[in-house]
Amino acid sequence: MFRGLLKKDFLLVKTYLWVWLAAIILLYAAGSVFASYKGEFYLVFPFFILLYMGHMVLLPIAACILLKAEEKGQYWLHGTAGGKKLLSSKLISAFLVMIASLILTNLLMAFSLFISRSSGFSIIEQGKFPFIEGLLLKGLMLNGGIVIGALYFTIWGLFLWALYHSLNQYPMLKKIRWIIIAAAYFITNTIIGRMTTWDVVQSFFNQWTIRFSPSASNTIMFEGFGFTLSDGAIQVWPVLLSIIGLLLLFMAAGWLLDRKVEV
Amino acid sequence: MIELHHVTKEYGKRKSLDNVTFTFEKGKVYGILGPNGSGKSTMMKIMAGLVYPSKGDVTIAGKKADRKTASNLAFLASEGMLYPGFKIEQMIHYYHSQYSDFSIEKAEELLTFMELDRHQKVSQLSKGQQGRLKLLLVLSRQTDVLLLDEPFIGLDPMVRDTIVQGLVSFIDFGEQTVIIATHEITEIEPILEDAIILESGRITAHCNVEQIREEQGLSILEWLKSNFKKGELV
C-alpha cells in the first residue's frame, strides 16, 4: 500500500522534477558559456550559492505541489492508510526530488571546480583552491545543513497545512485561517528562541557536547533549530530536542489529517 | 447494516444534518433524494468516515465510522477521485495498490464494458468518460457497502444509461448495501428498493419503491413531488 502511495506521489511530481532539472542544466550551460566568453568563469560560483540556498525551499515547494494535488475533494483521505503514512509518502517523494536536484548541483559544482583548477583562474592560489582542503567534508556539511533546513521548513509546512484545512469546519475562523497559522508558527518559534537564551537552558545544553574539530572557533546558530557550534563543539541536546520536536509536529499533522481535516 | 443515531452535523450555526436517525439494511439499494443543500453529500461523507458528526454516531456493521471504514466501503465522490495527469491504467493500478479488495479482473471487465481506453490520460477524458472511470474504480472493489454521491452529475442521458447498466450488471444485489444520492431519479428508479427524502438536513419521508408503485400507483418522481411543496425542488 505504501509503495502504491509513493508511486502515485512520484507520478504527481515527476514532470515538475524533469522540468526543474532541465532548467538547472540550461541555466548553468547558458551562464557558464557567457562567463567563459567573458573570460571570468568564476562568475558561475555565485549562481551555485543561490542554487544551493534554493534547495531549502525546493523541498517545501515539492511537498506543496503534492498536497495541492489532493486539495480538490480531499479524496486521498478515503483509504486505509492513516494520516502519517499519507504525509510520509508526500515527504519522501518531495525529498527524492530535492536529493536528485542536489546531486545534479553537486555534479555541476564539481565539474566547475575541475574546470576552474585546470584553467588556472585568478581565485586559485598556488594551484589550489583556498578552500579545497577538506572540500568533501565541507560539501557534506553544506549538503547536510541544506537537507536539515529543508526538512525543518517542510515538516512545519505539513503541520500548518493540516492545521489550515482542519479549521475548515469552523466558519467563524475560516476567514482568519492565514493569521492563525502564521501566529502558530511565529509564536512557537519566538517562545523557543527566547527559552534557548535563558542561562539555565544554556547550561543544560552545555552538559552534553561533542567536539568535532579542535581548530574551529566559530559559533553558528540555526534559527528555529537552535543548535550551537562553538569552539569546535556541537551541543547535542538542542539537536535531539529539535528532532523530537519535528517528529511531534509530524505526528500532530498526521493526527489532524485523520481526526480534524474533513472533506 | 449502517446505523445513523441522532446524527447532527453543524458548520457554525448552520446544520447540514439535523438529528438524523435511520438504518440502512444490508443488501438493499437506497436512493437519497432531495434538493441542493439538503445534506445528501454530508450524509454520504459521514457514512464514509470522511466527515465526523457534531452529535450522534454512525456505525457500519457495528463499528464506528471513521477513516478505516474505507477498508470495506467504496465511495464514489462527486469530485477529487481522479488525478488528471494519470493514464486510466495508472489510476487502476493505484486503486489496486490501496484497496486489498480491488479486483483487477473485474476492472478489466469493466474497462471493456465502459468502453474506456486504458492508455488515455484522465485529463483527455470527457465528463462522461470520467464518470464511467469513477464507477469502474468503485465497482472493481468487493465491498459490503457502496456509496455513490451524485454519479450522474453533468452527464448526458446516454452516459447515465451506461452507468445504470453498469450498476445492474456489477452490483452484488442482496449482498452489497448500495446508497445513491442523486437528483436524476428517473434513471435509477428501476434499481432502487427504498428511497428517502432529505430536506434541510432532516429525513422527511421514506418509502419502499415497489410498495409505492403497487399501492399508490406512483413513480418515485411523483412520490417525491407529492412530498414537496410546489417550487421547492431545484
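Residues numbered from 1 in each chain as written. Chains lettered and ligands numbered in written order. Predicted model: local features only at pLDDT ≥ 70, side-chain atom pairs only at ≥ 80, totals over all residues. Heavy atoms only, no water.

The name an unreviewed UniProt entry assigns to chain B is Spermidine/putrescine ABC transporter ATP-binding protein, from the organism Domibacillus aminovorans.

Participant: How do you make sense of the overall build of chain B when you look at a structure like this?
Facilitator: Scanning chain B for helices and strands turns up eight helices and ten strands. In terms of C-alpha radius of gyration, chain B reaches 17 Å, essentially the compact-globule figure of 17 Å for 234 residues. Along the longest, intermediate and shortest principal axes, the C-alpha atoms of chain B span 50 × 35 × 35 Å. For chain B, the proportion of contacts with a sequence separation of at least 24, taken over those separated by at least 6, is 68%. Of the roughly 10400 Å² of accessible surface on chain B, 47% is carried by carbon and sulfur atoms. The average position of the 27 basic charges and that of the 32 acidic charges among the side chains of chain B differ by 9 Å. (Helix = DSSP H or I, 4+ residues; strand = E, 2+ residues; numbered from the N terminus. Rg over C-alpha atoms; globule rule 2.2 N^0.38 Å. Contact = heavy atoms within 4.5 Å. Areas by Shrake-Rupley, 256 points an atom, 1.4 Å probe, with all protein chains shown as cover. Lys, Arg positive; Asp, Glu negative; His and termini not counted. Charge placed at Lys NZ, Arg CZ, Asp CG, Glu CD.)

Participant: What exactly am I supposed to notice about the overall build of chain A here?
Facilitator: The secondary structure content of chain A amounts to eight helices and four strands. Taken from the N to the C terminus, the helices and strands of chain A come in the order α-α-α-α-α-α-α-β-β-β-β-α. When the 263 residues of chain A are sorted by exposure, 40% land in the buried category. Expressed as a percentage of contacts within chain A between residues at least 6 apart in sequence, the contacts between residues at least 24 apart total 71%. Of the roughly 14600 Å² that chain A leaves accessible, carbon and sulfur atoms contribute 72%. (Buried < 20%, exposed > 50% of the residue type's maximum accessible area, 1.4 Å probe, protein only.)

Participant: Explain the pattern of salt bridges here, please?
Facilitator: Close approach of charged atoms lets side chains of opposite charge pair. Residue and element names in this part refer to chain B. In the structure shown here, the tally under the stated rule is 16 salt bridges over all chains. Its salt-bridge partner being K40, residue E150 comes within 3.8 Å of it at the nearest N-O pair. Highlighted residues: E150 in the loop between β7 (145-149) and α5 (157-170) and K40 in helix α1 (residues 40-48), separated in sequence by 110 residues. Using a relative accessible area of 6% as the deciding quantity, one classes K40 as buried. The salt bridge involving R118 is made with E108; its shortest N-O contact spans 2.6 Å. With a gap of ten residues between them, R118 in the loop between α3 (104-113) and α4 (127-139) and E108 in helix α3 connect regions that are remote in the sequence. The exposure class assigned to R118 is partly exposed, which follows from its relative accessible area of 28%. Given a relative accessible area of 34%, E108 falls into the partly exposed group. (Salt bridge = Lys/Arg side-chain N within 4 Å of Asp/Glu carboxyl O.)

Participant: Looking at this structure, I do not really get the interface of chain A and chain B. What am I missing?
Facilitator: Much of the literature gives interface size as the accessible area that the parts lose upon coming together. Each partner contributes to the interface: chain A provides 24 residues, whereas chain B provides 28 residues. Of all residues in chain A, Y75, H78 and V263 of chain A give up the largest surface area on contact with chain B, accounting jointly for 31% of the area buried on that side. Inspection of the chain A/chain B interface yields one salt bridge. Of the charged contacts in the structure, one is a salt bridge between K9 of chain B and E262 of chain A, with a shortest N-O distance of 2.9 Å. The interface formed by chain A and chain B holds 13 residue pairs in polar contact (both at pLDDT 80 or more) in total. For the side of chain A that touches chain B, the elements supplying multiple residues, two or more each, are α1 (2-37), α2 (44-71) and α8 (236-259) of chain A. Sort the elements by how many residues they give to the side of chain A that touches chain B and α1 of chain A lands first, with five residues. (Buried area = accessible area lost by both parts, 1.4 Å probe. Polar contact = N/O pair within 3.5 Å; in protein donor to acceptor, adjacent residues only side chain to side chain.)

Participant: Honestly, the domain arrangement of chain A in this entry has me stumped. Any pointers?
Facilitator: All names here are of chain A. The domain architecture assigned to chain A consists of domain 1 (1-133) and domain 2 (171-263). Each side of the interface is counted separately: domain 1 has twelve residues, and domain 2 has nine residues. On the domain 1 side of the interface with domain 2, the three residues burying the most area are L77, K84 and L87, jointly 52% of the side's total. Looking at the side of domain 1 that touches domain 2 element by element, the count peaks at six residues for helix α3 (residues 83-119). Its residues assigned to classes, the side of domain 1 that touches domain 2 comprises six nonpolar, five polar and one charged. (Domains from an automatic or database assignment. Nonpolar A, V, L, I, M, F, W, Y, C, P; charged D, E, K, R; others polar.)

Participant: What exactly am I supposed to notice about the packing of aromatic side chains here?
Facilitator: Counted by the stated rule, this structure contains 21 aromatic pairs over all chains. Aromatic side chains Y94 of chain B and Y95 of chain B sit 5.8 Å apart centroid to centroid with 85° between the ring planes, which places their arrangement in the edge-to-face category. Note on Y94 of chain B: relative accessible area 11%, which makes it buried. Geometrically, the ring pair formed by Y95 of chain B and Y99 of chain B is tilted, given 5.8 Å between the ring centres and 40° between the ring planes. For the pair Y95 of chain B and Y99 of chain B, one class covers both residues: buried. In this structure an aromatic cluster arises from ring pairing among Y83, F86, Y94, Y95 and Y99 of chain B. Across from the ring centre of Y164 of chain A, 4.0 Å away, lies the NZ or CZ of R177 of chain A, which sits over that ring. (Phe/Tyr/Trp six-rings, centres within 6.5 Å; stacked < 30°, edge-to-face > 60°. Lys NZ or Arg CZ within 6 Å of the ring centre and 35° of its normal.)

Participant: What's the story with the nonpolar core in this structure? I'm lost.
Facilitator: Side chains that are nonpolar tend, in soluble globular proteins, to be buried together. In terms of nonpolar packing, the biggest core is built from 140 residues, with F24, I32, M43, M47, L133 and L137 of chain B touching the most fellow members. The element contributing the most residues to this core is helix α4 (residues 135-166) of chain A, with 13 residues. Looking at this core, you find at least three residues from each of domain 1 (1-133) and domain 2 (171-263) of chain A. If we ignore the near neighbours within four places in the chain, the residues touching F24 of chain B are M1, I2, L4, Y30, I32, M43, M47, T177, I179 and I196 of chain B. (Core = buried A, V, L, I, M, F, W, Y, C linked by side-chain atoms within 4.5 Å.)

Participant: Would you explain a nonpolar patch on the surface in this entry?
Facilitator: Residues and elements named next belong to chain A. A cluster of nonpolar side chains, contributed by F204, W208, I210, L240, L241, I244 and L248, occupies part of the molecular surface with about 620 Å² of accessible area. Of the residues forming the nonpolar patch, the biggest block, four residues, is contributed by α8. Along the chain, F204 turns up in helix α7 (residues 199-205). (Patch = residues over 30% accessible without salt bridge, like charges linked within 9 Å, V, L, I, M, F, W, Y side chains within 5 Å.)

Participant: How do you make sense of the UniProt feature "domain: ABC transporter" (unreviewed entry) in chain B when you look at a structure like this?
Facilitator: When the UniProt feature table is mapped onto this chain, "domain: ABC transporter" (unreviewed entry) is found at residues 2-225 of chain B. Helix makes up 33% of residues 2-225 of chain B and strand 28%, with an end-to-end C-alpha separation of 27 Å. (UniProt positions renumbered as here; feature names shortened; annotations may be inferred.)

Participant: Help me understand the sheet that holds strand β9 (residues 194-199) of chain B, please; the structure alone is not making it clear to me.
Facilitator: Residues and elements named next belong to chain B. Strand order in this open sheet of six strands is β6-β7-β8-β3-β9-β10, and the pairing throughout is mixed. Strands at the two margins of the open sheet, each flanked by one partner only, are β6 (73-76) and β10 (202-208). For this sheet, the mean inter-axis angle between neighbouring strands, taken without regard to orientation, is 15°. When β9 meets β10, the two strands line up antiparallel, connected through six bridges. The residue of β10 that forms the bridge with A195 is C207. (Pairing = 2+ DSSP bridges. Axes fitted to C-alpha atoms, helices over the stretch in contact; angles between N-to-C directions.)

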